[in-house]
Amino acid sequence: MSGEKVYNFSAGPSVLPESALLKAQAELLDYKSSGMSIMEMSHRSLYFKAVFDESKAKLKAALKVPDTHEILFLQGGATLQFAAIPMNLMVSGEASYAVTGNFASLAAKEAEKYGKVHIACDTSDRNHSYIPSPEELSVSEGSDYFYYCANNTIYGTEWHYVPETGKTLVCDMSSDILSKPVDVSKFGLIYAGAQKNMAPAGLTVVIIDKSLAGKAMPITPKVMDYKVLIEKDSMLNTPPCWCIYMLGNTLDWVESVGGVEEIEKLNLEKAKLLYGFLDESKLFVPHAETASRSMMNVTFRTGSQELDGEFVKAAEQRGMLNLKGHRIAGGMRASIYNAMPIEGVKALVDYMKEFEVTHNV
Ligand SMILES: *Cc1c(COP(=O)(O)O)cnc(C)c1O
């Protein structure tokens, strides 16, 4: 289907705003008459320094990051933070983890290497189809922090409240950062792999309350020590330059749309359209419980693995790509991140309606 318009429902790396890609295309070979590509430049060059500062300033503005917090542009993916967080923040050796999906579970297991992990909740009893209520969270008294994953990319559930546990709040926002406004001041640390809603793979954004840095375990690698990274302004070693540039382009698009407040409205509209149809459908069944539905990753199934497979295959032929669910969850998953236009969701719903009719239900 070369050259044809496709809708890419991939969970990550995923769809980016077209304007961000076009800007990159226009600037690819000769960045601001430097005669060079961003990809070829020293990270210490004045050109790149400006790119770095702008991307940081734009992110600070988009999320209204207070001056108490520092923004870091790192490598290693969200997965490296599973280890960096306990190494830096488990000061008295204990933390509480809300296990609401695969990535939170992996983070909790990694943290066990460095201290005592108290499981604040575990939603595997209902196949991670829900987010616990505040009353269902058990936080251990000795916890240095409370950890949760804001949006469960694989299962398609999302926290619709910010838990208030009296402990330092640490949150994995990999798959819903920039999808709605967030009060950063409530968090000790927010982190996100960029490849879902921000930029190409290779950049991890960490937003940390500066007062939490400086207490890392002695075994902590220097490149994972938040205090060192803050002091070096993310330039202890080479940062992911190209991704930081692309983040700036994405943030220009976010601003052009009207900021995260407007982005949230568009995301709600898209999610309503898809969940609205799922609620009516006699064939497709949504996975997440109603109150816990993700605005970013919509998970559903037909109940028959064979039909699921047929659905995904025929969708591909129509240019709707990557609708297969994650291997551990099965079924289907439509990732409708910020950059997925509403036309893509409309096309998907139209196709689902047609599939339902032609399969005699
Ligand atoms: C994708 C994802 C991860 C893993 O990210 P990597 O950058 O591949 O390490 C972690 N948490 C969430 C919520 C994700 O969506």
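Residues numbered from 1 in each chain as written. Predicted model: local features only at pLDDT ≥ 70, side-chain atom pairs only at ≥ 80, totals over all residues. Heavy atoms only, no water.

1. Looking at the site of the ligand
Every residue close to the ligand is listed here: Gly-77, Ala-78, Thr-79, Phe-103, Cys-149, Asn-151, Thr-153, Asp-172, Ser-174, Ser-175, Gln-195 and Lys-196. Between the ligand and Asp-172, the relevant distance is 2.6 Å, taken from a nitrogen atom to a side-chain nitrogen or oxygen of the residue. Protein contact buries 86% of the 390 Å² of open area that the ligand shows by itself. Looking at the shell around the ligand element by element, the count peaks at three residues for helix 3 (residues 77–89). Grouping the amino acids of the shell around the ligand by side-chain chemistry returns three nonpolar, seven polar and two charged. (Near = heavy atom within 4 Å. Polar contact = N/O pair within 3.5 Å; in protein donor to acceptor, adjacent residues only side chain to side chain. Areas by Shrake-Rupley, 256 points an atom, 1.4 Å probe, with all protein chains shown as cover. Helix = DSSP H or I, 4+ residues; strand = E, 2+ residues; numbered from the N terminus. Nonpolar A, V, L, I, M, F, W, Y, C, P; charged D, E, K, R; others polar.)

2. What to know about the state of the cysteines
As enumerated under the stated definition, the model contains zero disulfides in all. With no disulfide partner, Cys-171 has as its closest neighbouring cysteine sulfur the one in Cys-149, 6.8 Å distant. Among the cysteines around Cys-241, which has no disulfide bond, Cys-243 carries the closest sulfur, lying 9.1 Å off. (Disulfide = S-S within 2.5 Å.)

3. Section: the packing of aromatic side chains
Summed over all chains, the structure comprises 19 aromatic pairs. Ring geometry for Tyr-31 and Tyr-245: centres 6.0 Å apart, planes at 85 degrees, overall edge-to-face. Here Tyr-31 is found in the loop between helix 1 (18–27) and helix 2 (46–62), whereas its partner Tyr-245 is found in helix 6 (residues 241–257), with 214 residues between them in sequence. Take Tyr-31 and Tyr-245: they sit in the same class, and that class is buried. Ring plane angle 80 degrees and centroid distance 6.2 Å describe the contact between Phe-300 and Phe-311, whose orientation is recorded as edge-to-face. One end of the pair, Phe-300, is in strand 12 (residues 297–301); the other, Phe-311, is in helix 8 (residues 305–317), with eleven residues separating them in the sequence. Like Phe-300, the residue Phe-311 is buried in the burial classification. Grouped by ring-pair contacts, the aromatic residues Phe-277, Phe-284, Phe-300, Phe-311, Tyr-351 and Phe-355 constitute a single cluster. Over the ring of Tyr-130 we find Arg-126; its NZ or CZ atom is 3.8 Å from the centre of that ring. (Phe/Tyr/Trp six-rings, centres within 6.5 Å; stacked < 30°, edge-to-face > 60°. Buried < 20%, exposed > 50% of the residue type's maximum accessible area, 1.4 Å probe, protein only. Lys NZ or Arg CZ within 6 Å of the ring centre and 35° of its normal.)

4. What to know about a negative patch on the surface
Taken together, the side chains of Asp-122, Asp-125, Glu-135 and Glu-136 present a region of like negative charge at the surface. Secondary-structure assignment places Asp-122 in strand 4 (residues 116–122). (Patch = residues over 30% accessible without salt bridge, like charges linked within 9 Å, V, L, I, M, F, W, Y side chains within 5 Å. Salt bridge = Lys/Arg side-chain N within 4 Å of Asp/Glu carboxyl O. Lys, Arg positive; Asp, Glu negative; His and termini not counted. Charge placed at Lys NZ, Arg CZ, Asp CG, Glu CD.)

5. A closer look at the side chain of Asn-152
Along the polypeptide, Asn-152 turns up in strand 6 (residues 151–152). In this view, Asn-152 contacts Thr-100, Gly-101, Ile-131, Thr-157 and Trp-159; residues no more than four positions away in its chain are not counted. (Contact = heavy atoms within 4.5 Å.)

6. Quick word on the sheet that holds strand 3 (residues 94–99)
Across the sheet, seven strands lie side by side as 2-10-9-8-5-3-4; this open sheet has mixed pairing. The open sheet has two edge strands with one neighbour each: strand 2 (69–74) and strand 4. Across this sheet, the average inter-strand angle for adjacent strands is 15 degrees, counted without regard to direction. Inspection of the sheet shows strand 9 (residues 189–193) paired to strand 10 (residues 204–209) by five bridges, in the antiparallel sense. What sits directly across from Tyr-191, in strand 10, is Val-206. Strand contacts of helix 3: strand 2, strand 3, strand 5 (145–149), strand 8 (168–172), strand 9 and strand 10, with the helix running at about 160 degrees to strand 9, the strand carrying the most contacts. (Pairing = 2+ DSSP bridges. Axes fitted to C-alpha atoms, helices over the stretch in contact; angles between N-to-C directions.)

7. Regarding unusual backbone geometry
Residue Pro-13 follows Gly-12 across a cis peptide bond; omega there is -10 degrees. One non-glycine residue, Leu-178, adopts positive backbone phi at about 70 degrees. Looking at where Leu-178 falls in the secondary structure, it is placed in the loop between strand 8 and strand 9. For Leu-178, a relative accessible area of 1% corresponds to the buried category.

8. Thoughts on helix 3
With 13 residues, helix 3 should reach 18 Å at 1.5 Å per residue; the first-to-last C-alpha distance of 18 Å fits that figure. A large share of helix 3 lies buried, amounting to ten of its 13 residues. The complete set of buried residues in helix 3 reads Ala-78, Gln-81, Phe-82, Ala-83, Ala-84, Ile-85, Pro-86, Met-87, Asn-88 and Leu-89. (Expected span 1.5 Å × (residues − 1).)

9. Some words on helix 6
Helix length check: helix 6 (17 residues) gives 25 Å between terminal C-alpha atoms against 24 Å at 1.5 Å per residue, within 8%. The element helix 6 is largely enclosed, with a buried count of twelve among its 17 residues. Restricting attention to buried positions, one finds in helix 6 the residues Cys-241, Cys-243, Ile-244, Tyr-245, Met-246, Leu-247, Gly-248, Asn-249, Thr-250, Leu-251, Trp-253 and Val-254. Buried residues along helix 6 sit against helix 1, helix 2, strand 2, strand 10 and helix 7 (259–280).

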